[in-house]
Amino acid sequence: MNIEKIMLSLESKHKGETEYLQAVHEVLSTIEQIYKEHPEFEKAKIAERLVEPDRIFTFKVPWVDDRGEIQINLGYRVQFNNAIGPYKGGLRFHSSVNLSILKFLGFEQIFKNALTTLPMGGAKGGSDFNPKGKSDAEVMRFCQAFMLELWRYIGSETDIPAGDIGVGGREIGYLYGMYRKLARVNTGVLTGKNLEFGGSLIRPEATGFGGLYFVKQMLETAGIDIKGKTIALSGFGNVAWGAASKATEMGAKVISISGPDGYIFDENGITGEKIDYLLELRATCNDIVEPYAEKFGAKFIPDRRPWELKVDIALPCATQNELDEEDAKMLVKNGVLCVGEISNMGCTPEAIEHFIEKKILYGPGKAVNAGGVATSGLEMTQNAMHISWTAEEVDKKLHQIMSDIHAQCVKYGREQDGYVNYMKGANVAGFLKVAKAMMAQGVI
Ligand code: 2IT
């Protein structure tokens, strides 16, 4: 495989799509060896075929705000690859959303979904709609207008969207209501639904729970107990909430959360009602964490990120490239033991390189945060069977899936000196499954 040639060709076709190119480069540079071992991949141009999405839908989303003014946003769905199962992946509503971001997320989703052991292909979608400061009625009208276009491209056996940044239970409810009305079916086309209409127990917590199950296993392979360890978390949404709950339950101490306005340092630990308060913060739609400091007497550090704290474990839970080389160096200098990306592509390539060079336990998002989409897969199964599993049943399955992902990473990522390169392990394991499926199905 000639990575340089593939990258040059991609760069010329998709100029300036930096996140997308970054995600592709990371995967290609870690599968070189396995590619050499399978000459049939080269002949079938698996890499060249895999890096381009199957198709992209772009549409206009006009809607009317509370003042009666017309707003126009852009909507997208990127159907990346469905070799192993129907397209599956979240919707992101955020002002930063563009095709580069959705293509990177869709590409990551292919391998993440393959790792879950469930039959799901990769997709992503969303809009540059900014939920910050919007009323409930505005969010509803936007979601309805968005679905008015999206519904033709999705289906419970073809493409199953879910939430991501800016899309939680409320948004999924409005989107689902409109889909149901337009398609006249009620077969669970979205995941992350409320329990009353086909949602799964544990889905809201799943990304954070799964992330902690994975991190605990990473630490265990190195003979380290998570109990008593300090954790820096970024973000304050659904994912950070689930991660903080499970980390606390495991006996670790979470000392930070963060938002676009800065970070909170709570040296007493973010526990109990303080964790639940994160949900309240999100519901205000103001996208700030400062009120936490006032409410609980913690420190608020404006315009900075929590990676400058001295902690044992760092868990990015916010967004892509939120932890850079400088942050990585600071964490390593302060003795960090483990970094687990619960956000998608939370670390920059330079930061990852530094962690791996220093033999720090580093878990990539497509493995660490796969518990979210895995539980979406379990929601799809329950919908298809017309049953609901108990929280214990779902949690047990989630735990098993995270263990299986961890085992795959170790199998393909263990180096001669015993260090596990989880990035390589996750990429190789995910890639192999998809590549073999593509090989078996011919050139399509
Ligand atoms: O990044 C992700 O895996 C998600 N936002 C969840 C996707 C899903 O289909 O549940």
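Scoring rules and cut-offs
- Starting afresh in each chain, residues are numbered from 1 along the sequence in its written order.
- For a predicted model such as this one, the threshold for reporting local features is a pLDDT of at least 70, and the threshold for listing and counting side-chain atom pairs is 80 or more; totals across whole chains, interfaces and linings nevertheless cover every residue.
- Where side-chain values are given, they derive from all heavy atoms of the structure, hydrogens and water being excluded.
- Pairing between two strands is assigned when DSSP locates at least 2 bridges connecting them.
- Secondary structure follows DSSP: runs of H or I at least 4 residues long count as helices, runs of E at least 2 residues long count as strands, and numbering of each begins at the N terminus.
- Exposure classes here rest on a 1.4 Å probe applied to the protein chains alone. A residue is buried below 20% of its type maximum, exposed above 50%, and partly exposed in between.
- In this description, contact between two residues means that some pair of their heavy atoms is separated by no more than 4.5 Å.
- Note on definitions: angles span 0 to 180 degrees between N-to-C directions of axes, and those axes are lines fitted to C-alpha atoms, for helices only across the stretch in contact.
- Each angle is binned into one of four classes, with values under 35 degrees roughly parallel, values over 145 roughly antiparallel, values of 65 to 115 roughly perpendicular, and all other values oblique.
- In this text, near means that some heavy atom of the residue lies within 4 Å of the molecule or strand in question.
- Counting of polar contacts relies on pairs of N or O atoms within 3.5 Å, with two restrictions inside protein: one atom must be capable of donating a hydrogen and the other of accepting it, and residues adjacent in sequence are counted only when both atoms are side-chain atoms.
- In these tables, accessible area is a Shrake-Rupley quantity obtained with a 1.4 Å probe, and a residue counts as shielded only by the protein chains included in the view.

Undergrad: How should I be thinking about the pairing of strand β1 (residues 55-64) in this particular structure?
TA: The side chains of a regular strand alternate, first on one face of the sheet and then on the other. Bridging between β1 and strand β2 (residues 70-81) involves 10 bridges; their strand directions are antiparallel. When the bridges of β2 are listed, arginine 55 appears paired with glutamine 79. If you look at the hairpin formed by β1 and β2, you'll find five residues sitting between the two strands, and glycine 68 has a positive phi there, around 85°.

Undergrad: Sorry, what's going on with the environment of alanine 247 here?
TA: Here alanine 247 is to be found in helix α10 (residues 238-249). Here alanine 247 falls in the buried class, since its relative accessible area comes to 0%. For alanine 247 and glutamate 196, which are 51 residues apart along the polypeptide, the C-alpha to C-alpha distance reads 28 Å. Apart from the residues lying within four places of it in its own chain, the contact partners of alanine 247 are Leu212, Ile231, Ala252 and Val254.

Undergrad: I would appreciate a short explanation of the packing of α10 against helix α11 (residues 273-283) in the present structure.
TA: Helix-helix packing: each pair is described by the crossing angle between the helix axes and the interaxial distance. In contact at an axis separation of 9 Å, α10 and α11 are set at 175° when each is read in the N-to-C sense. When the axis of α10 is compared with that of α11, the two are roughly antiparallel. Of α11, the residues touching α10 (which contributes Asn238, Ala240, Trp241, Ala244, Ser245 and Thr248) are Ile275, Asp276, Leu278, Leu279 and Arg282.

Undergrad: Honestly, the site of the ligand in this entry has me stumped. Any pointers?
TA: In the vicinity of the ligand there are 13 residues, among which Lys88, Lys112, Asp164, Arg203 and Ser376 approach most closely. Between an oxygen atom of the ligand and a side-chain N or O atom of glutamine 109, the distance comes to 3.0 Å. The contact in question runs from an oxygen atom of the ligand to an N or O atom on the side chain of serine 376, over 2.5 Å. Alone, the ligand offers 290 Å² of accessible surface; in the complex the protein occludes 94% of this. Listed by contribution, the elements that provide at least two residues to the shell around the ligand are β3 (87-93), α6 (99-115) and α16 (370-385).

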